[in-house]
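Listed below, chain by chain, are the residues.
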Amino acid sequence: MLTWGYLQEEENVVYGREEQLVPALAKDLMIPDLMAAIERFRQAPVKEGVVLSGGRRSSVKLFIPDLYFDRHIDMGENVWLYLGEMSPAYCVYRLWDEDRS
């Protein structure tokens, strides 16, 4: 279950740049348009996040921790991916210059 405490534990979180993390996750989850889905969510986020279904019964929850929990967490303004308790949560970020384009 996705909880505030889960994200506070360092071993449960992986931080990485979008172009480094997303292609491998898209392949593993069998969600070829994962990058586009993240961008759509970034442009129009919802508090409860969204769940995307992939191949082989995989799924991923896209969420923004600051919005989801109504409190700030380090890097919590970015889109995160949650694959379940047996996997880390992935914070997908862009460099500031990339955000301004």
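A brief structural summary. (Residues numbered from 1 in each chain as written. Predicted model: local features only at pLDDT ≥ 70, side-chain atom pairs only at ≥ 80, totals over all residues. Heavy atoms only, no water.)

## Remarks on the packing of aromatic side chains
Aromatic ring pairs are described here by two measures, namely the spacing of the ring centres and the angle between the planes. Just so we agree on the cut-off: We call Phe, Tyr and Trp rings a pair once their centres come within 6.5 Å, taking the six-membered ring for Trp, and we label the pair stacked below 30 degrees between planes, edge-to-face above 60, and tilted otherwise. Charge-over-ring contacts are defined here by two conditions on Lys NZ or Arg CZ: a distance within 6 Å of the ring centre and an angle within 35 degrees of the ring normal.
The tally for this structure, following the rule as stated, stands at six aromatic pairs. A network of ring pairs unites the aromatic residues Trp4, Tyr15, Phe63, Tyr68, Phe69 and Trp80 as a single cluster. A cation over a ring is seen here: Arg71 above Trp4, with NZ or CZ 4.0 Å from the ring centre.

## A closer look at the side chain of Arg94
Convention followed: Each helix is a run of H or I in the DSSP string that is no shorter than four residues. Each strand is a run of E no shorter than two, and both are numbered from the N terminus. By the criterion applied in these results, polar contacts are pairs of N or O atoms within 3.5 Å in which, for protein atoms, one can donate a hydrogen and the other can accept it, and in which residues neighboring in sequence qualify only through two side-chain atoms.
Assignment of secondary structure puts Arg94 in the loop between strand E5 (89-93) and helix H5 (96-99). Among the polar contacts listed, one links the side chain of Arg94 to the side chain of Glu18, at a separation of 3.4 Å. Reaching out from Arg94, the side chain makes a polar contact with the side chain of Glu39 at a distance of 2.3 Å.

## A closer look at helix H2 (residues 18-29)
This is how the line gets drawn: Helix span, as expected, comes to 1.5 Å for every residue beyond the first. Exposure classes here rest on a 1.4 Å probe applied to the protein chains alone. A residue is buried below 20% of its type maximum, exposed above 50%, and partly exposed in between. The directions considered for the arc are those from the helix axis to the C-beta atoms.
Here H2 is twelve residues long and its end C-alpha atoms lie 16 Å apart, about the 16 Å a rise of 1.5 Å per residue gives. Burial in H2 covers these residues: Glu18, Leu21, Val22, Leu25, Ala26 and Leu29. Down the axis of H2, the buried side of the element spans an arc of 125°, and every buried residue falls inside it. Opposite the buried face of H2, at more than 90 degrees from it, the exposed residues are Gln20, Lys27 and Asp28. Taken from the residues just after H2, Met30 is the one with a positive phi, measuring 60°.

## A look at the sheet that holds E5
Within a sheet, adjacent strands bond to each other through the backbone by hydrogen bonds, running parallel or antiparallel. Put simply, the rule reads: DSSP bridges decide pairing: two strands pair if at least two such bridges lie between them. Lines are fitted to the C-alpha atoms to define the axes, a helix being fitted only along its stretch in contact, and any angle between axes, read from their N-to-C directions, falls within 0 to 180 degrees. Residue contacts are counted whenever heavy atoms from the two residues lie within 4.5 Å of one another.
An order of E1-E5-E4-E3-E2 is seen for the five strands of this open sheet, with the pairing classed as mixed. Of all strands in the sheet, those with a lone pairing partner are strand E1 (13-17) and strand E2 (50-53), marking the two edges. Direction aside, the axes of adjacent strands within the sheet are offset by 25° on average. The sheet contact formed by strand E3 (residues 59-63) and strand E4 (residues 79-82) spans three bridges and is antiparallel. Bridge pairing in E4 places Leu62 opposite Leu81. Against the sheet, H2 contacts E1, E3, E4 and E5, and its axis sits at roughly 115° relative to E1.

## Quick word on the side chain of Glu18
When you line up the elements, Glu18 lands in helix H2. Taking the relative accessible area as the measure of exposure, Glu18 reaches 10% and is therefore buried. Separated by 2.8 Å, the side chains of Glu18 and Arg42 make a polar contact. Setting aside its immediate chain neighbours within four residues, Glu18 contacts Pro23, Met35, Ile38, Arg42, Val92, Tyr93 and Arg94.

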